[in-house]
Amino acid sequence: MIECNVDRINCRFGPYFCQPVIAGLGDDDKPFICTMDSIGAKELAKDFVVAGTSSESLYGACEAMFKPDMEPEELFETVSQALLASVDRDCLAGWGGHVYVVEVFTYSILVGQEGIGYRRIRKRWGGVLMMAFGKTHTPLRNLLLHHHRHTPPVSPPQCFPSPHHLTTTTTPSKNNPNNSPAPTTTTTTLRCRRSHASSSPSSSSNLSSSSSLTTSPSPSPSPTTTAADDRCPFGSIFVYDLPSAFNLDIANDCHNLNPWNSRCHSLSNHGFGPSANAALSRVLPAELSRLWYWTDQFSSELIFHRRILRHRCRTSNPGSATAFYIPFYAGLAVGRYLWADHQGSVADRDRDCDELLQWIRGHGDQFNRSRGWDHFITMGRITWDFRRSKENEWGSHCIYSHGMENVTRLLIERNPWDYFDVAVPYPTGFHPERDADVIRWQALVRSRQRKTLFCFAGASRGVIKNDFRGTLLSQCRDALGACRVVDCAGNRCANGTSEVLETFLDSRFCLQPRGDSFTRRSIFDCMVAGAIPVFFWRRTAYLQYEWFLPGEPESYSVFIHRDKVKNGTSIKEVLEGYGDDNVNVMREKVIEYIPRLVYAKPDQGLESIRDAFDIAIDGVLQRMRTHKEMRYKFD
């Protein structure tokens, strides 16, 4: 909401005027939009409202392009094109813009364990999701009421499709170079559709393969490592020396990290889990099977922590650091209190994060100075586990906590409209030790004879009405040998099985519907095995892992909209339409990107090949350096 910061009389008769646009969600979660003129007269609408110097052009473009009940991606594209087409002809409106999104959705998960049964929990998140495109010389404030975010400009300008119910776009003025104090000219267009619900160094953790966890001394960082080091072109990293209560003690409490069983075994070997060599020896040659582990999908906090302690660009001098790493095991901490059989109070779920932020503010002068803009953290779960906005909802409020809003967060699933969320690959079971291991693996998956057209590893969710996985399973059964199914009912496929790997190795395509959230680990298991993923939601990969996947989705994957499948489109016929040459080109692209999807075993990484950890750290350092070079004003 935009409003004058002076009393009503001065706002009406003084020298400053504004045309506010009011957007938000009511108590019933239904969108509300309206605009006002400069003296406060309201204009209500059910479809769209416009304001600003380009309002006439915008109104005509929106009225011409609008049609009811558009899909989210189509709606976003329509609004974006209307905005760009209108402001391009208005010299006062600038170019590009910012997009803010409000969404309310219901999130369904299944909890339980094999032999006990599953119960469905429905959780609702509401609030503001945002994305930005274009360029601005003046920082813009969130137009909406909830969860304020400062959104840095995105370069180069680009638009991304997004699911949303309400979209706001704002254009900055061209006539404000060099951050001059001249006011920004704003053009705002809103599209609303009916709301609906849809389902100094730290001690390292040396996780042994036994049920107990031990520690080993942390290596000392090089005090000479600086941003000018040839090995560190993007700068250096300072790692906070947190009390062990924020990381090691949490991991050592592995017997109590979930209510059903101990996680000590799955978090052993520094987060890689127990060796899978024996189970995979019949599927893979010995020199490759020894590189496989039963890795837990939520172990990235341990993997990143150990690797970053030994990173070549780590420094003990905070004054020379480009980025500051917070080695807090936020995912393991909150995971103890998420599930229905062991659900803690709101205070339990929030305690660790609140205490961490209190410690950082008390010990991190740089954090207090920058407000977290040059800090980053690994949070080893999906972003929605840390975005509770009401007390009776799922997860912790960690991301919404004061102090966390500007910290870059590495998660296995991001909120595509939060600049500070960065999605990193789920940990898979393949952890190469040398460059040669990667090359040998790529050669194996390239030469594999794939006899099955497509496959699906998963299980139906009978308690979910119109379960999409059930539709996929039905199509697989009807494919008459062209599709292979791995039944993952219960927890049988949680950390991988030999059957899952063998199925992916033998298939040309692998079906990848959304998991309990929009993403799933199976995406990376499938691609590491050289199979071509088939997606049904764009948010499953395309809006998630931009640093790690090719920029052209069609170069490595197939997209079939889920509604087409529900309406009878044959997946088999679609995939049979891809000729051998086309399939080989797509598979080669998948194989090319395998190194970017895996986490290497050595603490120092591979010799010359960059793995997922290297890509993530380099990306963070580039981001932090950009912040400083652009001289962002910390707010």
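Residues numbered from 1 in each chain as written. Predicted model: local features only at pLDDT ≥ 70, side-chain atom pairs only at ≥ 80, totals over all residues. Heavy atoms only, no water.

## Observations concerning the state of the cysteines
Part 1 of the argument: Under the definition given, this model contains five disulfides.
Part 2 of the argument: Here C254 is linked by a disulfide to C264, with a sulfur-sulfur distance of 1.7 Å. Measuring handedness by torsion sign, the sulfur bridge of C254 and C264 sits at about 85 degrees and is right-handed. Highlighted residues: C254 in the loop between helix 4 (248-252) and helix 5 (277-280) and C264 in the loop between helix 4 and helix 5, separated in sequence by 10 residues. (Disulfide = S-S within 2.5 Å. Helix = DSSP H or I, 4+ residues; strand = E, 2+ residues; numbered from the N terminus.)

## Structural notes on the packing of helix 11 (residues 435-447) against helix 17 (residues 580-592)
Part 1 of the argument: Where helix 11 contacts helix 17, the two axes come as close as 10 Å, and the packing angle between them is 160 degrees. In terms of their interaxial angle, helix 11 and helix 17 are classed as roughly antiparallel. Between helix 11 and helix 17 the crossing geometry is right-handed. From helix 11, Q442, V445 and R446 reach across to helix 17, where they touch R587, E588, I591 and E592.
Part 2 of the argument: Partitioned by chemical class, the residues of the contact of helix 11 with helix 17 number two nonpolar, one polar and four charged. (Axes fitted to C-alpha atoms, helices over the stretch in contact; angles between N-to-C directions. Parallel < 35°, antiparallel > 145°, perpendicular 65-115°, else oblique. Left-handed = near helix turned anticlockwise from the far one by under 90°. Contact = heavy atoms within 4.5 Å. Nonpolar A, V, L, I, M, F, W, Y, C, P; charged D, E, K, R; others polar.)

## So, the confidence of the model for the protein chain
Part 1 of the argument: Residue-level pLDDT values for the protein chain average 77, and 71% of them are 70 or greater.
Part 2 of the argument: Counted against residues more than four places away or in other chains, residues 1-11, with its pLDDT under 50, gives 17 contacts.
Part 3 of the argument: Overall, residues 223-228 carries pLDDT values under 50, and its contacts beyond four positions in sequence, including any with other chains, amount to 16 contacts. (pLDDT = per-residue confidence, 0-100.)

## Notes on the pairing of strand 18 (residues 507-512)
Part 1 of the argument: Burial analysis of strand 18 places five of its six residues in the buried class, which makes it a mostly covered element.
Part 2 of the argument: With three bridges connecting them, strand 16 (residues 452-458) and strand 18 associate as parallel partners. Among the inter-strand pairings, C455 is bridged to a residue of strand 18, identified as C510.
Part 3 of the argument: Here four bridges tie strand 18 to strand 19 (residues 532-535), and the two strands are oriented parallel to one another. Residue F509 lies in a different strand from strand 19, and its bridge partner there is I532.
Part 4 of the argument: With helix 14 (residues 522-528) bridging strand 18 and the parallel strand 19, this β-α-β connection has right-handed handedness. (Buried < 20%, exposed > 50% of the residue type's maximum accessible area, 1.4 Å probe, protein only. Pairing = 2+ DSSP bridges. Right-handed = clockwise from strand over helix to strand, strands pointing away.)

## Comments concerning the sheet that holds strand 3 (residues 42-44)
Part 1 of the argument: Spatial ordering of the open sheet is given by 1-2-3, a layout of three strands whose pairing is antiparallel. Every interior strand has two partners, whereas the edge strands, strand 1 (21-25) and strand 3, have only one. Across this sheet, the average inter-strand angle for adjacent strands is 25 degrees, counted without regard to direction.
Part 2 of the argument: Sheet analysis places strand 2 (residues 31-36) next to strand 3, joined by three bridges and oriented antiparallel. Within the sheet, the bridge partner assigned to T35 lies in strand 3 and is E43.

## Some details on the side chain of T503
Part 1 of the argument: For T503, the position within the fold is in helix 13 (residues 498-505).
Part 2 of the argument: Setting aside residues no more than four positions away along its own chain, T503 makes contact with C455, R484 and V486.

## A word on the side chain of T35
Part 1 of the argument: Along the chain, the position of T35 falls in strand 2.
Part 2 of the argument: By relative accessible area, which is 4% here, T35 ends up buried.
Part 3 of the argument: At a separation of 3.1 Å, a polar atom in the side chain of T35 contacts the main-chain carbonyl oxygen of P20.
Part 4 of the argument: Setting aside anything within four residues of it in sequence, one finds T35 in contact with P20, V21, A41, K42, E43, V49, V50 and A51. (Polar contact = N/O pair within 3.5 Å; in protein donor to acceptor, adjacent residues only side chain to side chain.)

## Here we look at the sheet that holds strand 16
Part 1 of the argument: If you trace the five strands from one edge of the open sheet to the other, you get 17-16-18-19-20, paired in parallel fashion. The open sheet terminates on both sides in strands that have one partner only, identified here as strand 17 (483-487) and strand 20 (558-559).
Part 2 of the argument: Each of strand 16, strand 17 and strand 18 touches helix 12 (residues 468-477); the most contacted strand, strand 16, lies at about 145 degrees to it.

## Comments concerning the nonpolar core
Part 1 of the argument: Ranked by internal contacts, the top residues of the largest apolar core, which has 68 residues, are L284, W292, F304, F376, W441 and L505.
Part 2 of the argument: The dominant element in this core, judged by the number of residues it contributes, is helix 18 (residues 612-629), at eight residues.
Part 3 of the argument: For L505, the contacting residues outside a window of four places in its chain are V283, L284, W441, L444, V445, R448, R450 and A529. (Core = buried A, V, L, I, M, F, W, Y, C linked by side-chain atoms within 4.5 Å.)

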